[in-house]
Amino acid sequence: MNEKYDLCDIDESYLHTVSMTELFDSAYQSKPPIIDGLLYRGTYLFAGSPKIGKSFLMAQLAYHVSTGTNLWGFDVRQGKVLYLALEDNYPRLG
């Protein structure tokens, strides 16, 4: 059960790896923005003081992305939205 393996015995084709030089020299096609010049695909952390409108802004962004309507003059690409209002109650969202 506790077999030890020599690193030289590992099949290199099992996991494709690239060198740092190869990675640095690679040019990747960028993904189109969700909201031109404002919001791109990825993960964001949106934080700030309480009661300054963070939830309202996120709901507004979600609405514009879900409907594909322009936001503040920025073109918006329509897409699916999952909005989790985990700190809000139903009357506050209505």
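Residues numbered from 1 in each chain as written. Predicted model: local features only at pLDDT ≥ 70, side-chain atom pairs only at ≥ 80, totals over all residues. Heavy atoms only, no water.

A. Quick look at the overall build of the protein chain. Counting its regular elements, the protein chain contains three helices and zero strands. For the protein chain, the α and β elements follow one another from N to C terminus as α-α-α. With 94 residues in all, the protein chain has 11% of them scored as buried. Put simply, 40% of the contacts in the protein chain that link residues at least 6 apart link residues at least 24 apart. Looking at the protein chain as shown, the accessible area adds up to about 9,000 Å², and 58% of this sits on carbon and sulfur atoms. (Helix = DSSP H or I, 4+ residues; strand = E, 2+ residues; numbered from the N terminus. Buried < 20%, exposed > 50% of the residue type's maximum accessible area, 1.4 Å probe, protein only. Contact = heavy atoms within 4.5 Å. Areas by Shrake-Rupley, 256 points an atom, 1.4 Å probe, with all protein chains shown as cover.)

B. Up close: the pattern of salt bridges. Across all of its chains, the model carries one salt bridge by this definition. Between Asp-36 and Arg-77 there is a salt bridge; the shortest N-O distance is 2.6 Å. With a gap of 41 residues between them, Asp-36 in the loop between α1 (20-25) and α2 (54-67) and Arg-77 in the loop between α2 and α3 (90-93) connect regions that are remote in the sequence. The exposure class of Asp-36 is partly exposed, given its relative accessible area of 24%. (Salt bridge = Lys/Arg side-chain N within 4 Å of Asp/Glu carboxyl O.)

C. Local environment of unusual backbone geometry. Within the chain, Lys-51 stands out as a residue other than glycine whose phi angle is a positive 65°. Here Lys-51 lies in the loop between α1 and α2. Residues other than glycine seldom take positive phi values, yet Trp-72 does so here, at roughly 55°. Position of Trp-72 among the secondary structure elements: in the loop between α2 and α3. Judged by relative accessible area, which is 54%, Trp-72 ranks as exposed.

D. Spotlight on α2. Taking 1.5 Å as the rise per residue, α2 with 14 residues should run 20 Å; its terminal C-alpha atoms sit 20 Å apart, in good agreement. Residues of α2 that are buried include every one of Leu-61, Ala-62, His-64 and Val-65, and no others. Along the axis of α2, the buried residues cluster in a sector spanning 165°; they form a single face. (Expected span 1.5 Å × (residues − 1). Arc of directions from axis to C-beta.)

E. Representation of a nonpolar patch on the surface within the structure. Residues Val-18, Met-20, Leu-23 and Tyr-28 make up a contiguous nonpolar surface patch of about 460 Å² in total accessible area. Turning to its location among the elements, Leu-23 is positioned in helix α1. Take Leu-23: its relative accessible area is 40%, and that puts it in the partly exposed class. (Patch = residues over 30% accessible without salt bridge, like charges linked within 9 Å, V, L, I, M, F, W, Y side chains within 5 Å.)

F. Structural view of the nonpolar core. Of all hydrophobic cores here, the largest spans five residues; its members are Ile-35, Leu-61, Val-65, Leu-71 and Val-76. If we skip the residues at most four places from it in the chain, Ile-35 touches Leu-61, Val-65, Leu-71, Phe-74, Asp-75 and Val-76. (Core = buried A, V, L, I, M, F, W, Y, C linked by side-chain atoms within 4.5 Å.)

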